Amino acid sequence: MKTSVLPMNDPDLAQSDLDAVVETITSPRLSSGPKVEEFEAEFAAYLGRKHAIAVSSGTIGLLLTLRAYGIGPGDEVVAAAHSFRETTHAIALCGARPVFADIDYWAGTLAPEKAEAVITDKTKAVVAGNTNGHPAPWEPLRQLAEAKKVALIEDSTEAIGSIYKGKLVGSFGDCSIFDFSQPGVIACGEGGMIVTDDDDRASSIRNLRSRRVAERSSVVLGAYPPMQAAMSDITAALGLAQFRRLELLLARRTRVERWFYQYVKSFEGIKDPFIAPDVDEVHWFLYVVHLGTRFSRSSRDQIIEDLQTEKIDASAYSHPLHLQRYYFDLGYRRGNFFVTEKVADRAVALPFHAHLTENQVAFIVGTMKDASINVGAGTAIYL
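Residues numbered from 1 in each chain as written. Predicted model: local features only at pLDDT ≥ 70, side-chain atom pairs only at ≥ 80, totals over all residues. Heavy atoms only, no water.

K.L.:
Could you give an account of the packing of aromatic side chains, naming the residues involved and the relevant values?
P.N.:
Enumeration over the complete set of coordinates arrives at 21 aromatic pairs. Judged by centre distance (6.1 Å) and plane angle (90 degrees), the ring pair of F39 and F43 falls under edge-to-face. Of this pair, F39 and F43 are both found in helix 2 (residues 34-47), 4 residues apart, which corresponds to roughly one turn of the helix. According to the relative accessible area criterion, F39 is buried, its value standing at 0%. Between the aromatic rings of F260 and Y287, the centroid separation amounts to 4.4 Å while the plane-to-plane angle is 15 degrees, which identifies the pairing as stacked. Here Y287 lies in strand 12 (residues 287-291) and F260 lies in helix 9 (residues 246-264), a separation of 27 residues in the sequence. (Phe/Tyr/Trp six-rings, centres within 6.5 Å; stacked < 30°, edge-to-face > 60°. Helix = DSSP H or I, 4+ residues; strand = E, 2+ residues; numbered from the N terminus. Buried < 20%, exposed > 50% of the residue type's maximum accessible area, 1.4 Å probe, protein only.)

As structure tokens, then:
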């Protein structure tokens, strides 16, 4: 390891990644250019989507997508408040009102029946996430979106490579958004990608993202002020080099996941991640374990503190959006979303990356077991 601390994430870089960056840095083009276009083309082909648009982050990707749908002040967008990555801040940033709905207890993803209950005539879109890499229930969500005539946006910023009913995540939304910052599998500093099959929407997103030099005098495009939210060729070079090794990167993380499962399943105080019946394959964003209901939020925090004392980088997986100040000021309160709060109070994100050894995984889980005994919670009950 590069440090005495076991970090939450450690990018799995190879010499080929560094070589790709050096090649770009020493080229005539550093800003958005041919490397970005190459990354976009290969990413779209990987998912079988018509368009891929590289952007500066996942949050910016969702913001551009919402604006491309004409969503703004006076509109509502339904989303879950449960996530590690707070991409849904983009709803507030575009001026719309975030309308939260509760999640499925086991999968942690937006529950379609709970989303349906909060849809109104002001609702313009549903944003559903592949939470921690676990695919959302896309078939019922698609049925809901079509019945209510709203856009279905797939937040895949915590997922790549997972498979739902034979199809890769990123295949299900009218637009789907990925993110390439840590602790994701592909980590190139900051960056994101929007994929869609909608020609008009793709054109709008590109126009809202940035202008090429040749487009600056365009009378037509001048009606759409861009955000200058493009990805640089440096970032694209690093992202593309990792993307071309994606299967290897996922396989190396799967090996670590199996070690975690081996040690976690023998410890009744924590529950290993759940995989829904309709899901063919999950590639976890983080290795998240769930404490039983005999643990309180304060005991969860004490366990995290004990892990950190042993130089293990751990954290709460979710700080629910509806309990954060901005959304609290919109009228949300603790108790609004029972399942989200219950899961968030007991979910712990542990270090998860390809550089972990089996001994280190055993140490992480063993330390967590000792910490749970120290807080006196006893054997866990999950339901």
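K.L.:
I'd like a description of the state of the cysteines, backed by residues and values.
P.N.:
All told, the structure shown has 0 disulfides when counted by the stated rule. The closest cysteine sulfur to the non-disulfide-bonded C94 is located on C175, 14 Å from its own sulfur. The class of C94 is buried, set by a relative accessible area of 8%. (Disulfide = S-S within 2.5 Å.)

K.L.:
Now, about the nonpolar core: what can you tell me, with residues and values included?
P.N.:
Membership of the largest hydrophobic core comes to 58 residues, with the highest contact counts inside it found for F260, V348, L350 and M368. Each residue touching L350, except ones within four places of it in the same chain, is listed here: M8, F260, Y287, V289, L307, D313, A314, I364 and M368. Counting 26 residues, the second largest nonpolar core, distinct from the first, contains I60, L63, C175 and I194. (Core = buried A, V, L, I, M, F, W, Y, C linked by side-chain atoms within 4.5 Å. Contact = heavy atoms within 4.5 Å.)

K.L.:
An account of the confidence of the model for the chain is needed here, citing residue identities and associated values.
P.N.:
For the chain, per-residue confidence averages 92 on the pLDDT scale, and residues scoring 70 or more make up 93% of the total. Scored below 50 in pLDDT, residues 377-383 makes 27 contacts in the model with residues more than four places away or belonging to other chains. (pLDDT = per-residue confidence, 0-100.)

K.L.:
Residue-level account of the packing of helix 9 against helix 13 (residues 358-374), with values.
P.N.:
In a pair of packed helices, the angle between the axes and the distance between the axes together describe the arrangement. Closest axis-to-axis distance for the helix 9/helix 13 pair is 9 Å, and the angle between their directions is 40 degrees. For the element pair helix 9 / helix 13, the angle class is oblique. Helix-helix and strand crossings are classified by hand; for helix 9 and helix 13 the assignment is right-handed. In contact with V256, W259, F260, Q262, Y263 and V264 of helix 9, helix 13 contributes E358, V361, A362, I364 and V365. Taken together, the residues of the contact of helix 9 with helix 13 break down into 9 nonpolar, 1 polar and 1 charged. (Axes fitted to C-alpha atoms, helices over the stretch in contact; angles between N-to-C directions. Parallel < 35°, antiparallel > 145°, perpendicular 65-115°, else oblique. Left-handed = near helix turned anticlockwise from the far one by under 90°. Nonpolar A, V, L, I, M, F, W, Y, C, P; charged D, E, K, R; others polar.)

K.L.:
Can you break down the pattern of salt bridges residue by residue, with the values?
P.N.:
All chains considered together, the criterion is met by 19 salt bridges. Salt-bridge contacts for R206 lead to E40; the nearest nitrogen and oxygen are separated by 3.5 Å. Residue R206 is located in helix 7 (residues 199-209), and its partner E40 is located in helix 2; the two are separated by 166 residues in the primary sequence. Classification of R206 as partly exposed rests on a relative accessible area of 26%. D174 serves as the salt-bridge partner of R142, at 3.1 Å between the closest nitrogen and oxygen. One end of the pair, R142, is in helix 6 (residues 138-148); the other, D174, is in the loop between strand 7 (167-168) and strand 8 (175-179), with 32 residues separating them in the sequence. (Salt bridge = Lys/Arg side-chain N within 4 Å of Asp/Glu carboxyl O.)

K.L.:
Describe the environment of V264, naming the residues involved and giving the relevant values.
P.N.:
Turning to its location among the elements, V264 is positioned in helix 9. By relative accessible area, which is 1% here, V264 ends up buried. Separated by 110 residues in sequence, V264 and E154 place their C-alpha atoms 30 Å apart.

K.L.:
Please give an account of the packing of helix 10 (residues 297-309) against helix 13 that cites residues and values.
P.N.:
Two elements in contact, helix 10 and helix 13, have axes whose closest approach is 9 Å; the angle formed by their N-to-C orientations is 135 degrees. Viewed along their axes, helix 10 and helix 13 adopt a mutual orientation that is oblique. Between helix 10 and helix 13 lies a crossing of right-handed hand. Residues I303, D306 and L307 of helix 10 form the contact with helix 13, whose own contacting residues are I364, T367, M368, A371, S372 and N374. When grouped by side-chain class, the residues that make up the contact of helix 10 with helix 13 number 5 nonpolar, 3 polar and 1 charged.

K.L.:
Let's hear about the sheet that holds strand 3 (residues 97-101): which residues, and what values?
P.N.:
Ordered in space as 1-9-8-5-4-2-3, the 7 strands form an open sheet in which the pairing is mixed. The outermost strands of the open sheet, each flanked by one partner alone, are strand 1 (51-55) and strand 3. Within the sheet, the average angular offset between the axes of one strand and its neighbour, ignoring direction, is 25 degrees. Sheet topology places strand 5 (residues 151-155) next to strand 8; 3 bridges connect them, and they run parallel. Residue pairing in the sheet places D155 in a bridge with I177 of strand 8. The strands that helix 6 touches are strand 4 (123-129) and strand 5; relative to strand 5, the one it contacts most, it runs at about 150 degrees. (Pairing = 2+ DSSP bridges.)

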